[in-house]
Amino acid sequence: MKFLILFILILTAFNAFASEKDCKDGKCLPRLLRKVRIISEIYRAECIPKNMKVSDIENYHKEHPLTEQCWRYISEINYLDDEITKQQALLDAQSSCENGDCKNPVVKPFFANIEDLLKAVPANTCTEKKKERVWKKCGEDLKCIFVAGALGISGYSFEKLIPKDYQPKRCNLGDDSCSSKFAGAFLSSAMHFFSGVWDLTKMIGEGIANGSKKFWHWATRAEDHSSTSQLALAKASEDPGIFKQLITDFPGTMMKIFSAFYDYIVTWFKEDVFCKKWSGKPHVGKCIRPLDDIECVGCKTLITGSLCSLPGTVIAEIVPAFISGGITAAIKHGATAGSKLARVIKTSNVARTIVKSSKTIATGASITSKSYRLSKLRAITQSSIKALKHLSATSKTYIASTKAGKAMVFSKKALKSTTEIALLPVDNAMTGFAYKAGARSFDKALMLGKASNIGEQPLNVSRGLLKLLSPSMRSAHETEKVREKDKEKVETKKALKQ
Amino acid sequence: MWKLILILFISLPVHALELKRNNSVVTIDELPDWTLSKDLFGIPFIYFSPEQNGQRSNISFTDTEVEFKLNPNDLQSTQETYQSNKRAWATQVNAKPISFIPFETFKNKKGHQVHKIGFNYEHEGKRYVESSYYINCHKKIIFSKSLRLKENSSHESLFSDFIHSLDCGGVK
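Each residue is numbered by its place in its chain's sequence as written, counting from 1. To label them, take the chains in the order written and letter them from A, then take the ligands in the order written and number them from 1. Owing to the predicted nature of the model, reporting of local features is limited to residues with pLDDT of at least 70; listing and counting of side-chain atom pairs is limited to 80 or more, with chain, interface and lining totals taken over all residues. Calculated side-chain values reflect all of the structure's heavy atoms, with hydrogen atoms and water omitted.

## A few points about the overall build of chain B
Selection criterion: Each helix corresponds to a stretch of at least 4 residues labelled H or I by DSSP, and each strand to a stretch of at least 2 residues labelled E; elements are numbered beginning at the N terminus. The rule is simple: take the accessible area with a 1.4 Å probe, protein chains only, and divide by the maximum for that residue type; under 20% is buried, over 50% is exposed, in between is partly exposed. Here, two residues are considered to be in contact whenever any of their heavy atoms come within 4.5 Å of each other. Working definition of accessibility: Shrake-Rupley area with a 1.4 Å probe, residue cover restricted to the visible protein chains.
Scanning chain B from terminus to terminus reveals four helices and nine strands. Helices (α) and strands (β) of chain B occur, in sequence order from the N terminus, as α-β-β-β-β-β-α-α-β-β-β-β-α. Out of the 172 residues belonging to chain B, those deemed buried represent 51%. Considering only contacts in chain B between residues 6 or more positions apart, those separated by 24 or more positions represent 50%. Surface summary for chain B: the accessible area is close to 8200 Å², and the carbon and sulfur share equals 53%.

As structure tokens, this is what we get:
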């Protein structure tokens, strides 16, 4: 069975290589995603205790041996995850046509993203009740995305953007590059004040150092930001309660403002950009059939599947009008401010035109890839990878050969819980986890030292992996297993003796 | 007795408000009923007046950390650029420019060169007066911006007092 697992994994690897070559327009992504999901599910079921918190994973690995099967799963996950990241980056680069030089414009216009997302909402199922359910969940999701965005802002202190005692729930921070892009673009426009605007290099580049003739041009960004912010603050001071909130808890208030901004964008899309029927001239008259179904797409899905692809130029254009015109309503109503704000803030034709003409990634695979990157499943496997990397770099590592099979151990605690052990010190320091296809077993991946005793038993069969096979395949592999078992034993012994 | 108290009160020195950031210290005169806030929308320091006519006026202070001596003649001759940039900003936030405050330059009471410019605009039915001050304090440029409702003209002299009292002894 050990060979069966190896066979499947190698097959997977070959497929992965094949998909690399044949991954034009991200075609290989769905296959890679399916594989990584399946193996991650197995890893979670067989290698990590049920309901384990992500934060406890490193301690768990420190105190428990990692079986060779689990090692193979996690190596494969690591490989596939890297491959997905690489292919996604290639697709992103290929799809980035904002500057008009995209060579293979396989992507659809921005609004196609919304259409793809709406496919998940069957006709006539977006009831008021469902909308309400979706909105309730939005609160925490938006906070999480806000924090992810704040983490991504460079040159500005994180503490100034996030409330001190704020602990986001179910939030996979730092892993959410797309949604953080959306929140980051908002924060950059609203907050990223003076960091970069007083850029001396730019000043010299623009010839200002040799005279002040271009000074006003150089000062534009700082002028614009300060004018917008100070106007917003003056207006907020009209309501003492709002003003107090702003000056006593600015980060917390910014979270509310961000939620309102999200709602404003959704309302803008629903009632303007994607309005189904107008009374009068489109975008000038009244929208009599808004795209209501958009409210049944969850915030996280909508942002990761679509809004995060909004060009920064659109957000940069909308935010000043939003901040200066709607800050009081935004703070008062938070995530339900959109419809109120839509009435007072007129979004420009420029923004609407950019949205309509912008080319962004719109393939289903890209969206699925983003949802995988956000998943709890990935959070678990990535934590495992991180923990194993860390432990292998900082602890003395052994391979313990037991009756149940081989296992990797990192501490004395783990050794105590392992009986009948043949200890094989790992001679090569494991500073990384990037094991290539075909080198996923301990024997091939690691240089092992000599052992005083050698385990006789082969590895246990992976129940999860077996389930993936059809009955006929299972039977064939069972036969194969018997034939290969002895051979494998001999090879293992031979390898360990060397 | 009350005369003595009054004399003592009038002769009390105005307390200097220190605006510290990293190695930089900018000082301005402090007013008792004004409120200082930090890091709102990324603005390092912003000073709010008490509410008047339904709104608080405000003035911001930023040490740009840029070492550069501004040339008043250049700024004066190119102020049209400032004006066109302000028109563009007004369009972006749905405001309407009313008029521009011409560029002027003067030395404040601490001897630092101040370059002032501004404009008046209307936003959501209210008229505002905005002034920008670029102050050459020793080698560095300190940026300040004041904003008030048109009817809060009494705050203009206070803004002027802040700018005149501005010093940057801590700036090396």
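Having seen it, we continue.
## Some remarks on the overall build of chain A
Looking only at helices and strands, one finds 22 helices and eight strands in chain A. Considering chain A as a whole, with its 498 residues, one finds that 53% of them fall into the buried category. The contacts in chain A between residues at least 6 apart in sequence include a share of 77% that link residues at least 24 apart. Approximately 22900 Å² of chain A is accessible, and the part contributed by carbon and sulfur atoms is 54%.

## Re the sheet that holds strand β6 (residues 96-107) of chain B
Neighbouring strands of a sheet are bound in pairs by backbone hydrogen bonds; such pairs are parallel or else antiparallel. Applied cut-off: At least two bridges found by DSSP between two strands is the condition for calling them paired. To get an axis, a line is fitted to the C-alpha atoms, and for a helix only the part in contact is used. The angle between two axes follows their N-to-C directions and goes from 0 to 180 degrees.
Within the open sheet, the seven strands sit side by side as β3-β4-β5-β9-β8-β7-β6 (chain B). Their pairing is antiparallel. Each having just a single partner strand, β3 (35-40) and β6 of chain B make up the two edges of the open sheet. Across the sheet, the axes of successive neighbouring strands diverge by a mean angle of 20°, strand direction being ignored. Where strand β4 (residues 43-48) of chain B meets strand β5 (residues 58-67) of chain B, four bridges bridge the pair, whose relative direction is antiparallel. Bridged to B:Phe45 within β5(B) is B:Phe61. Relative to β3(B), helix α11 (residues 240-248) of chain A is tilted by about 60°, and along the sheet it contacts β3 and β4 of chain B.

## Thoughts on the nonpolar core
Residues and elements named next belong to chain A. What counts is decided by this rule: Residues belong to one nonpolar core when they are buried, are Ala, Val, Leu, Ile, Met, Phe, Trp, Tyr or Cys, and are joined through side-chain atoms within 4.5 Å.
One finds Phe-182, Phe-186, Met-254 and Phe-269 to be the most contacted residues of the largest nonpolar core, which totals 65 residues. Ranked by residues supplied to this core, first place goes to helix α12 (residues 250-273) with 14 residues. The contact partners of Phe-186, leaving out residues within four places of it in the chain, are Met-254, Ile-257, Phe-258, Phe-261, Ile-315, Val-319 and Phe-322. Counting 32 residues, the second-largest nonpolar core is a separate cluster that includes Cys-28, Ile-380, Ala-387 and Leu-388.

## Considerations on the packing of helix α10 (residues 220-236) of chain A against helix α3 (residues 79-92) of chain B
Think of two packed helices as two axes; the pair is described by the angle between the axes and how far apart they sit. Heads up, the rule is: Working definition: roughly parallel below 35 degrees, roughly antiparallel above 145 degrees, roughly perpendicular at 65 to 115 degrees, and oblique for all remaining angles. Each crossing is labelled by how the near helix is turned from the far one, with a counterclockwise turn of less than a right angle marking it left-handed and a clockwise turn marking it right-handed. Amino acid classes used here: Ala, Val, Leu, Ile, Met, Phe, Trp, Tyr, Cys and Pro are nonpolar; Asp, Glu, Lys and Arg are charged; the rest, including Gly, are polar.
One can describe the packing of α10(A) onto α3(B) by two numbers: an axis separation of 10 Å at closest approach and a directional angle of 45°. By the criterion of interaxial angle, the relationship of α10(A) to α3(B) is oblique. Crossing of α10(A) over α3(B) shows right-handed handedness. Residues A:Thr220, A:Glu223, A:Asp224, A:Ser227, A:Thr228 and A:Leu231 of α10(A) pack against B:Tyr82, B:Asn85, B:Lys86 and B:Trp89 of α3(B). Grouping the amino acids of the contact of α10(A) with α3(B) by side-chain chemistry returns three nonpolar, four polar and three charged.

## Quick look at the pattern of salt bridges
Which entries qualify depends on this criterion: For this analysis, a salt bridge means a side-chain nitrogen from Lys or Arg found within 4 Å of a carboxyl oxygen belonging to Asp or Glu.
Under the counting rule described, the total for this entry stands at 17 salt bridges over all chains. Linking A:Arg378 and A:Asp81 is a salt bridge whose minimum nitrogen-to-oxygen distance equals 2.7 Å. Of this pair, A:Arg378 sits in helix α18 (residues 376-394) while A:Asp81 sits in helix α4 (residues 68-95), and the two are 297 residues apart along the sequence. The closest approach of N and O atoms between A:Lys137 and A:Asp141, which form a salt bridge, is 3.2 Å. Residue A:Lys137 and its partner A:Asp141 are located together in helix α6 (residues 128-151), separated by four residues, close to a single helical turn. On the basis of relative accessibility, which here comes to 51%, the residue A:Lys137 falls in the exposed class. For A:Asp141, a relative accessible area of 11% translates into the label buried. The network of salt bridges with shared partners includes A:Glu223, B:Lys86, B:Glu130 and B:Lys145.

## Brief notes about the packing of aromatic side chains
The following threshold applies: Here a pair means two rings of Phe, Tyr or Trp (six-membered ring of Trp) with centres within 6.5 Å. Their orientation is stacked below 30 degrees between planes, edge-to-face above 60, and tilted elsewhere.
Per the stated rule, a full pass over the model turns up 27 aromatic pairs over all chains. For the ring pair A:Trp216 and B:Tyr134, a centre distance of 5.7 Å and an interplane angle of 75° mean the geometry is edge-to-face. Here B:Tyr134 lies in strand β8 (residues 126-137) and A:Trp216 lies in helix α9 (residues 215-218), a pairing that spans two chains. Each of the two residues, A:Trp216 as well as B:Tyr134, counts as buried. Ring geometry for B:Tyr47 versus B:Phe162: centroids 5.2 Å apart, planes at 55°, classification tilted. Taken together, the residues span a long stretch of sequence, with B:Tyr47 in strand β4 and B:Phe162 in helix α4 (residues 154-165) at a distance of 115 residues. Each member of the pair B:Tyr47 and B:Phe162 is classed as buried.

## Some details on the confidence of the model for chain A
Residue and element names in this part refer to chain A. The following threshold applies: Per-residue confidence from the predictor is given as pLDDT, running between 0 and 100.
Mean pLDDT over chain A stands at 68; residues scoring 70 or higher make up 54%. Mean pLDDT values for the elements of chain A range from 35 in helix α21 (residues 463-467) up to 91 in α10. With pLDDT under 50 throughout, residues 429-439 is counted as low confidence; its partners more than four residues away or in other chains account for 25 contacts. This model gives residues 488-498 a pLDDT under 50, and the stretch forms 17 contacts once residues within four places in sequence are excluded.

## Points about the interface of chain B and chain A
Rules: As a working definition, buried area equals the accessible area (1.4 Å probe) given up by two parts on being put together, with both sides summed.
Across the contact, 52 residues belong to chain B and 48 residues belong to chain A. Carbon and sulfur atoms make up 63% of the area that chain B and chain A hide from each other, which totals about 4200 Å². Where chain B packs against chain A, one counts four salt bridges. B:Lys145 is paired through a salt bridge with A:Glu223; the nearest N and O atoms lie 2.7 Å apart.

## Focus: the environment of B:Gln55
Short version of the rule: Polar contacts, as counted here, are pairs of nitrogen or oxygen atoms within 3.5 Å of one another; within protein the pair requires one atom able to donate a hydrogen and one able to accept it, and residues that are adjacent in sequence qualify only if both atoms are side-chain atoms.
Structurally, B:Gln55 is set in the loop between β4 and β5. For B:Gln55, a relative accessible area of 2% gives the class buried. Considering only alpha carbons, one finds B:Gln55 and B:Arg148, 93 residues apart in sequence, at a separation of 8.3 Å. Sequence-distant contacts of B:Gln55, defined by excluding residues within four places in its chain, comprise A:Ala234, A:Lys235, A:Ser237, A:Glu238, B:Pro50, B:Lys126, B:Tyr128, B:Leu149 and B:Asn152. Among the polar contacts listed, one links the side chain of B:Gln55 to the side chain of A:Glu238, at a separation of 2.6 Å.

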